[in-house]
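Letter by letter, the chains look like this.
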Amino acid sequence: MADQSERKSQEEDLSPDIEDWSKHQVRQWALSLNGVDDGVAEILFQQDINGPSLLLLNVTDLTTIGVTFGPAKLIIHSRDEVVKLKKEEPTSSTNQPGKPCKPYPFYRYHDTYRYVESSILDITESGASDLIEPCHEYKAFINTTDKTKMSKFTDEVIRFAAACMNSRTNGTIHFGIGDKPNYTHGQVLGVSVEDKEAYANELKSSIDGYFEHKHKQAAQKCIKAPRFVGVLNRNKTSSDKCVIEVDIVPEFLICDENIYHTFSMKKTKGKETDKTETKPSKQFFVRDGGSSRNLLAPTTFAKPMEEYNQFVDSVAQLSQRRKQAEEKHLKVIKSSNQGFKLSQMITGGSLSLDKSHFDCYVIVTNKSHPIQLESLGFLVELNPTAVLDFDPESAECGLQRHFEQQSTVSVHLPEQYKITEGVEDIANKLKLTRNTSWVFCNGGIQDEAPSHIDQWLMDKGASIRDVISFLCRKDVLPNKRFLVIFLLLSIVNEKMDPLAETFSTFWQELRGTEQILCICDNEKAFTSWKDLMEARCGIDISGRCIYELNFAEVNGTILSLLSKNRRSSRFLPCGGGSKVLLKKKVERSLNTLEVLCMNQCEGDNEDTIVIEENFYKGGKVSWWNFHFSEQPGSTPFIKRDKFDIIMKRVIPDLCSLRKACVPFNLMHIPGCGGTTLAMHTLWALRESFRCAVLKDSNADFTEVADQVVKLLMYDHEEQLPRVPVLLMIDDFDDMEKVYDLQQLIEKECVKKSIQSKSAQVILLNCMRSESTERPESAEDTVFIGNNLSEVEQKQFEQKLKEIEKTHKNAETFYGFMFMKKNFKPEYIQGVVHNTLKSFNKNQKHAQLLSVLVLLNVYCKGASLSVSLCEEFLGLQPKPFCGTFKVVEEFRKFSNLVTSSSVEAKVVHKAVKMINSSIARQCLQELKTTHNLSKAEITDLLLTTDKLYESTQGKDKLLQDVRHILVKRYYSFEEESQFSPLIHDISLETPGQEEMMLLSASKRFPKDAVISQLLARYYYLKKKDFPEAKVWACSARNLSKDSSYIADTSAQVIKHELKNAIANYKEEPIAPQKLEMFLKVAQSAIEAFKETQSLAKKESVQRLKTKTDNCPFNTSGCLGEIQVGVLVIEVLSKTPIFSSENIRHDIMSQVLSGDIELKNAESRDPRHHKHKPYYVILRQFEDILYNLKFRMKTNFDFLDSFYVNLGSRSGMKDSREQVAQNELFRCFKQYAKLFCKTDFAPLLKNKTMFNMLKLHETRQILEMQKADTYFGILNCLSNDTSPEKMEKIARQYKFVCASHHDQIIKERINYIYVNVVLSRIKLESAHIQPYQKLIQLLQQVLHMQIPLSEYLPLHFIAVVLLWPQESIPAYGSLGKSISQLRTSYHRVMEEVYNGKRPIVHFFLGKKHGYERLVHLMEIKRCIMAGEEQFISMWENGKLWKEKKVEELLCRVTGEVTSKCILADTCIPDLKIEVTPMFKTQLSGRGMGSKVSFFIGFSLKGPLALDIN
């Protein structure tokens, strides 16, 4: 009993009276003394020193029992101090109550508040009052042992928590607070706690054990972590005791109408076994006065469950009371001084985060407590641009880890913000305005060690200043439109604290505190922070601080500033009418896409009038416009005629295609509703497709493809079929970009093994058409022109009536009225003329409008950032609402412009023209009425430095300006020389275009393309070749490795030569001129050779990066050919090569290298007269002797390129037609010289007859481009007549006769000729029998084959020897396929980037020659236009055509890892074929059986239309 009493007293406080101390308490007291080690305390305990004996001891006594002199003196001194304190408070007693005190603030953790021993809490234990004011329960927590105290703690907390949750009241249970009869009610006792973390961990696990599984999560959220409030001794000295408190917060959103049972586990242990039996006991606690009562406890009442049932029935009503209490409490907070102040400051005065004056937020924060994280949900909703985090443990267990679970972050170190390149390029790399940029300002990531507070400024201060300086730049975040929030999660009380330095830097950068808000949750923290800032900066920041609200109240206040729509959950379709929640983190991770959800716009009614007016005036349609039109009382959204075609025909057809990604083009004339129709389609399909819009057409397509596939797979990776993605892409300026994106999406689908039994992604490509004429109809294209049908006109009439009822200013709705007037130009002309009446080009806003007009006409989607407009107009924005709107600053012209958000390197707000038709008319009006030319506006745009100062959108403006100067447009017939703007300036104000280009060179001094543009201008327009060379040289210096820039240098020289020849009228050419011409030609040839070399390097490099699909630059090859033609022209005008046919033949022989100049001179009867010419020609022997060879090499290279390689869809590339036309012109000149030798005089010599006849035949074949396999193959595509083809066959038969020298190339060509002739005229008598041709092929295969002939030989071998019945199998077919693929990569590697090999033949159902089906035969089956046929080929509809299915042979096969093993007519022979589109194979298991058509390309056999 004595030991038990001793242990009990040890757990209690030390009495102020030493006489009352036991030996245990003396040891405890000695252990607490500084300078006295544990051994001394143990000596006192072993010597049974208790309180009375301690009072009798002196230093000598202590040294006698083994205590050294130093500790002995300390013990005696400390004892005397305690005795002295006792005398000063003679009436004090442990159990005597002290003064009243307040409980620790509810649901707070970092207040510096402490209890004082024996003080009395001035609130009583209570039940539910208004549900928000917490009820309290006290536990002395003294009669516990080490074994029982933890279980007692958790039991009591769970009981109290369940009662509060069921009663829907806030509450706090206190451990270490006494109660009657032993203590005064509410008396502070305190308890000793050795391991605080153990309490938190035990409570967390106990919650899981006590509550039902379905309510565990709710309980964890309602029951907050234990708080340990320190207890001071009555003399205000520190003690080791504390009061343990647990807060309960049963929020309505968590508890709703649920009820919470708990289960206590009664454990009994057998004597002879180790088995434990548990008997759960169900309980239901509620608050009843100052205690918790179990309504399921055994009772003597006749109806034991009656009270329980009554309570359960009242829960719904109780929940509503709780909801109302929370709303009332929040309303009180918001209307309080600090609540209203917070609402004002965080929104800039708008009191709505949806309409906040601030476009973005920057957070600065420090060390957090885990319990605070629950109250910081507002951070996720604010979606801060950047967080400067000074907690090195944030990623491990702090705010960053908590935030990242709910949103996307890009983690950065401060060093990444140092300006080492373009500011917007850095922002783009950091994804600064797309993800939250989390900057670890004191280490904690990437092995970056944290710095001590005293060392931080030296170690990391400079880099943090770089971060702040970067964020405060006008070209990064919008000037005066971002708010810096200092979120003080821990108290800041040292002058060297990093947050103090950070505040000071922001204060200096922002020039004041108007853009700074400080939030802390207690007055002590605020006072410390205020005093520090006053000492540091000399300013009072009280007016910019919130400190009377706890973080839960701050959280509630800020969240209440969001519209219901912003707070509501968003859903995606999941098939079968089901839906899936789109988590905020996932949606933000898809930062290149604007996702359209099933329940878009539900939950709140935005400002209808403003949104509708913006749309009707000509602004871009928003989802809200569709939503409003579906509300009761509204007329439906105007349905264009093409809407039903898209919905009922186009989309269903696309869904049936077996390609992972299929495009659909919506071509439209600007301002005619194309984008609106596209978005209307998405809106109508949002419940059956996962719809999204690509935010930025210049985004990284690899990233876009990844995010599109993530959207496709989100939350149903295993579910098949998936709901497809419908992705709208708008304002692409080149169809190639659509193909790029399509290809990358397909690659991503292959990577993710997504099957494409049907279309998985549909690209709705909304693209502007410059032509007002309806283009050729294609299966995947819909055209919207500038002409309304009668049905559409009636809808517009009906809509106008509705508009006039709700809008007073309908006459300014130019966008709507222009369409309603059926796009009549007279309407636009009238509007623009009247609006611009007061235009004065000397006024700033007029200048800005003219610039905006010019940009909009010549650059799709051009705009000027709001920041730029403010700077140019001299406006001074302020960080609060109601100052001004930039659009209104355009004054009388404000109806012509609108504002929108622009996705660029830095996302920003911008101003643009409401309609492109209005912009074009404005440009015309400015010229005709106000005499303001395009050149003057361009000059203003290029020379006004104010437009290019550091503001948001600067890079976008530079990009747009460069676009209007550089971007040329191409057609199939001709290639434009300059951009439309430069072209139009040259027509409107001739000569001014030169000044514009020179101004452009000053605006873009380091842009090689601008220098190139000037070089082109001077050699094409001005014929000023010296100046052109200067600019071409400048371009080369700026971009040494670009083949396109090198080509310009070569073109300057070529055009100089061409111009000199054209201007020289004398004949024959004088020797001096001949020398000059040949020198220039030599320079041009060398320059074009360099272009070819660079082009090959570029192509190989693109192959390595696999991201650039730009095709091989062929201009160097064509340029060298063109120079060759000019050389021939020059030589033909010299007397030594122009007098008669025989001299013409000699020129052919010289340029072929067959005869040397000295021999030609010796045969020249006038060689004395011509000697000056021969002297000059000998200087250029290398060029002359190789001229034919170089020209022929380039002709063959280009012909092979055009015949064998097509666009990425595998079809011939129509964009190359201009180059091919020029190539054809040059070849005619080449053939005229080299393929028309006059042999008539020589043929009289019979001995030379056969040799000359053979030579003549070969020349004729070359002239017909039938001397190469690709030239022969091309006969199938260019409609060669049967007669011409038969003639070629006869000529090859003669050439390949046995008595002639056997040339392998000609034998291979002869095989090609037979195959091609069979596809043109099967019944021709000049075709070798199929079996004989096979024999000839096999003979050739056994010969010694030159490396140059591997590719054509193995291709035709694979085509002809593909197994078929009645013909013996060729055993080496697999080897031929392998060698074909190897040869293709060897020969074509430098040029096939961005291309696909053309399929020359398909495997048909018939036999012999008829088994080979050429693409032209398929075209004849379809009877479709070129564009429509290409569309059907690309989307796979071609293979569904009945006539095509009847023509082609469908082969079966088995899927392997990357290809298909095709079955053949020979049972044991399977041949490896590659899928044309890999997505048709992805997701199929190894060994899956498939069927497909086979196509033959130089890359090997391909599988098409895999089923």
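Presented here is a report on the structure given in the accompanying data block.

About the cut-offs
Residues numbered from 1 in each chain as written. Predicted model: local features only at pLDDT ≥ 70, side-chain atom pairs only at ≥ 80, totals over all residues. Heavy atoms only, no water. Helix = DSSP H or I, 4+ residues; strand = E, 2+ residues; numbered from the N terminus. Buried < 20%, exposed > 50% of the residue type's maximum accessible area, 1.4 Å probe, protein only. Contact = heavy atoms within 4.5 Å. Areas by Shrake-Rupley, 256 points an atom, 1.4 Å probe, with all protein chains shown as cover. Pairing = 2+ DSSP bridges. Axes fitted to C-alpha atoms, helices over the stretch in contact; angles between N-to-C directions. 1 Å grid on protein atoms, 1.4 Å probe; cavity = no way out; pocket = protein on both sides within 12 Å on 5 of 7 lines; lining within 4 Å. Points joined across faces, edges and corners; volume = space filled by probe spheres on them. Left-handed = near helix turned anticlockwise from the far one by under 90°. Nonpolar A, V, L, I, M, F, W, Y, C, P; charged D, E, K, R; others polar. Arc of directions from axis to C-beta. Polar contact = N/O pair within 3.5 Å; in protein donor to acceptor, adjacent residues only side chain to side chain. Parallel < 35°, antiparallel > 145°, perpendicular 65-115°, else oblique. Salt bridge = Lys/Arg side-chain N within 4 Å of Asp/Glu carboxyl O. Phe/Tyr/Trp six-rings, centres within 6.5 Å; stacked < 30°, edge-to-face > 60°.

**Quick word on the overall build of the protein**
Item 1. A tally of helices and strands in the protein yields 61 helices and 41 strands.
Item 2. For the protein, the C-alpha atoms occupy an extent of roughly 150 × 85 × 80 Å along the three principal directions.
Item 3. Among the 1507 residues that make up the protein, the fraction classed as buried is 54%.
Item 4. In the protein, once contacts between residues fewer than 6 apart in sequence are set aside, the share between residues at least 24 apart is 72%.
Item 5. Looking at the protein as shown, the accessible area adds up to about 66900 Å², and 49% of this sits on carbon and sulfur atoms.

**So, the sheet that holds strand 28 (residues 761-768)**
Item 1. Spatially, the six strands line up as an open sheet ordered 24-26-27-28-25-29, and their pairing is mixed. Edge strands, defined here as strands with exactly one partner in the open sheet, are strand 24 (593-596) and strand 29 (781-784). Pairwise comparison of adjacent strand axes, ignoring direction, gives a mean angle of 20° for this sheet.
Item 2. Where strand 24 meets strand 26 (residues 690-694), four bridges bridge the pair, whose relative direction is antiparallel. Bridge pairing in strand 26 links Leu-593 to Leu-694.
Item 3. Packing against the sheet, helix 26 (residues 641-655) makes contact with strand 25 (661-668), strand 28 and strand 29, and its axis sits at approximately 160° to strand 25.

**Remarks on empty space enclosed by the protein**
Item 1. Counted under the stated rule, the structure contains nine cavities of 30 Å³ or more.
Item 2. Put simply, the second largest cavity is a space of about 100 Å³.
Item 3. Along the walls of the second largest cavity sit 14 residues, with Gly-1436, Trp-1439, Phe-1477, Gln-1480 and Asp-1505 positioned nearest its centre.
Item 4. With three residues, helix 60 (residues 1426-1435) is the single largest residue contributor to the lining of the second largest cavity.

**Overview of helix 60**
Because an α-helix completes one turn every 3.6 residues, residues spaced three or four positions apart along the sequence face the same direction.
Item 1. The element helix 60 is extensively covered by neighbouring structure, given that seven of its ten residues are classed as buried.
Item 2. Residues Phe-1429, Ile-1430, Ser-1431, Met-1432, Trp-1433, Glu-1434 and Asn-1435 constitute the buried set of helix 60.
Item 3. On its buried side, helix 60 packs onto helix 29 (735-751), strand 35 (1401-1403), helix 59 (1415-1422) and strand 41 (1500-1504).
Item 4. After helix 60 finishes, the residue Gly-1436 shows a positive phi value of roughly 90°.

**Quick look at the sheet that holds strand 31 (residues 897-902)**
Item 1. One open sheet holds the three strands; their spatial order is 30-32-31, and the pairing between them is antiparallel. Of all the strands in the sheet, just strand 30 (864-865) and strand 31 have a single pairing partner and so form its edges.
Item 2. Here strand 30 pairs with strand 32 (residues 908-913) via two bridges, running antiparallel. In the strand pairing of strand 32, Ser-865 is matched with Ala-910.

**A few points about unusual backbone geometry**
Item 1. Of note, the bond from Glu-1067 into Pro-1068 is cis; its omega dihedral lies within 30 degrees of zero at -5°.
Item 2. Along the chain, Pro-1068 falls in the loop between helix 42 (1043-1063) and helix 43 (1071-1105).
Item 3. Of note, the phi angle at Lys-1023 is positive, near 55°, even though the residue is not glycine.
Item 4. Mapped onto the elements of the fold, Lys-1023 is located in the loop between helix 40 (1008-1022) and helix 41 (1025-1038).
Item 5. What makes Lys-1023 partly exposed here is its relative accessible area of 40%.
Item 6. Positive phi is not limited to glycine here, since Asp-1279 has a value of about 55°.
Item 7. Given a relative accessible area of 62%, Asp-1279 falls into the exposed group.

**Comments concerning the packing of helix 44 (residues 1115-1132) against helix 50 (residues 1187-1204)**
Item 1. Two elements in contact, helix 44 and helix 50, have axes separated by 9 Å at closest approach and are oriented at 145°. In this structure, helix 44 crosses over helix 50, and the sense of that crossing is left-handed. Seen from helix 44, the contacting residues are Cys-1117, Leu-1118, Glu-1120, Ile-1121, Gly-1124, Val-1125, Val-1127 and Ile-1128; seen from helix 50, they are Leu-1187, Arg-1190, Met-1191, Asn-1194, Phe-1195, Phe-1197 and Leu-1198.
Item 2. Among the residues forming the contact of helix 44 with helix 50, the class breakdown is eleven nonpolar, two polar and two charged.

**Quick look at helix 38 (residues 980-988)**
Item 1. Among the residues of helix 38, those classed as buried are Leu-981, Ile-982, Ile-985 and Ser-986. The buried residues of helix 38 occupy an angular sector of 135° when projected down its axis, which confines them to one face.

**Comments concerning the pairing of strand 10 (residues 238-248)**
Item 1. Counting buried positions over the eleven residues of strand 10 gives eight, a clear majority of the element.
Item 2. Note: strand 8 (residues 191-192) against strand 10, two bridges, orientation antiparallel. Looking at the pairing, Ser-192 lines up with Lys-241 of strand 10.
Item 3. Here five bridges tie strand 9 (residues 227-232) to strand 10, and the two strands are oriented antiparallel to one another. By the bridge assignment, Phe-228 is partnered in strand 10 with Ile-244.

**Points about the environment of Arg-322**
Item 1. Mapped onto the fold, Arg-322 is located in helix 12 (residues 315-335).
Item 2. Using a relative accessible area of 2% as the deciding quantity, one classes Arg-322 as buried.
Item 3. When neighbours within four sequence positions are excluded, Arg-322 is seen to be in contact with Leu-131, Ile-132, Arg-168, Thr-169, Asn-170, Val-249, Pro-250, Glu-251 and Phe-252.
Item 4. For Arg-322, the side chain forms a polar contact with the main-chain oxygen of Arg-168, separated by 3.2 Å.

**Points about the environment of Leu-923**
Item 1. One can find Leu-923 in helix 35 (residues 916-928).
Item 2. Look at Leu-923 and you get buried, because its relative accessible area is 5%.
Item 3. In sequence terms Leu-923 and Val-853 are 70 residues apart; their C-alpha atoms lie 6.5 Å from each other.
Item 4. Apart from the residues lying within four places of it in its own chain, the contact partners of Leu-923 are Val-853, Leu-854, Val-857, Tyr-858, Lys-934 and Ile-937.

**Some remarks on the pairing of strand 26**
Item 1. For strand 26, the tally of buried residues reaches five of five residues, placing the bulk of the element in the interior.
Item 2. Burial along strand 26 is two-sided: the residues Arg-690, Ala-692 and Leu-694 and Cys-691 and Val-693 are all buried.
Item 3. Looking at chain direction, strand 26 and strand 27 (residues 725-730) are connected through four bridges and run parallel. Each bridged residue has a counterpart across the sheet, and for Ala-692 the counterpart in strand 27 is Leu-727.

**Some remarks on the packing of helix 33 (residues 844-858) against helix 36 (residues 934-943)**
Item 1. Relative orientation of the contacting elements helix 33 and helix 36 amounts to 105°, with a least axis distance of 9 Å. One element, helix 33, and the other, helix 36, form an angle in the roughly perpendicular class. Where helix 33 approaches helix 36, its residues Gln-847, Ser-850, Val-851, Leu-854, Leu-855 and Tyr-858 are matched on the opposing element by Lys-934, Ile-937, Thr-938, Leu-940 and Leu-941.
Item 2. Taken together, the residues of the contact of helix 33 with helix 36 sort by class into seven nonpolar, three polar and one charged.

**What to know about the pattern of salt bridges**
Item 1. For the structure on display, the rule yields 70 salt bridges.
Item 2. Across the salt bridge formed by Asp-531 and Lys-530, the nearest N and O atoms sit 3.6 Å from each other.
Item 3. Of the residues examined, Asp-531 reaches a relative accessible area of 40% and is grouped as partly exposed.
Item 4. Across the salt bridge formed by Arg-570 and Glu-587, the nearest N and O atoms sit 2.9 Å from each other. Of this pair, Arg-570 sits in the loop between helix 22 (564-567) and strand 22 (571-573) while Glu-587 sits in helix 23 (residues 584-589), and the two are 17 residues apart along the sequence.
Item 5. The class of Arg-570 is buried, set by a relative accessible area of 19%.
Item 6. On the accessibility criterion, Glu-587 (21% relative accessible area) is partly exposed.
Item 7. Within the structure, one salt-bridge network assembled from shared partners comprises Glu-137, Lys-139, Lys-152, Glu-156, Arg-159 and Arg-287.

**Side note on the packing of aromatic side chains**
Item 1. Tallied over the entire structure, the rule returns 48 aromatic pairs.
Item 2. With centroids separated by 6.2 Å and ring planes inclined at 40°, the aromatic side chains of Trp-623 and Phe-626 adopt a geometry described as tilted. Remark: Phe-626 and Trp-623 occur in helix 25 (residues 623-629); sequence separation between them is three residues, near one turn of the helix. Each member of the pair, Trp-623 together with Phe-626, is buried.
Item 3. Aromatic pair Phe-1195 and Phe-1227: ring centres 5.2 Å apart, planes at 90°, arrangement edge-to-face. Here the residue Phe-1195 occupies a position in helix 50, and Phe-1227 occupies one in helix 51 (residues 1217-1234), the gap between them amounting to 32 residues.
Item 4. Judged by relative accessible area, Phe-1195 falls into the buried class, the value being 1%.

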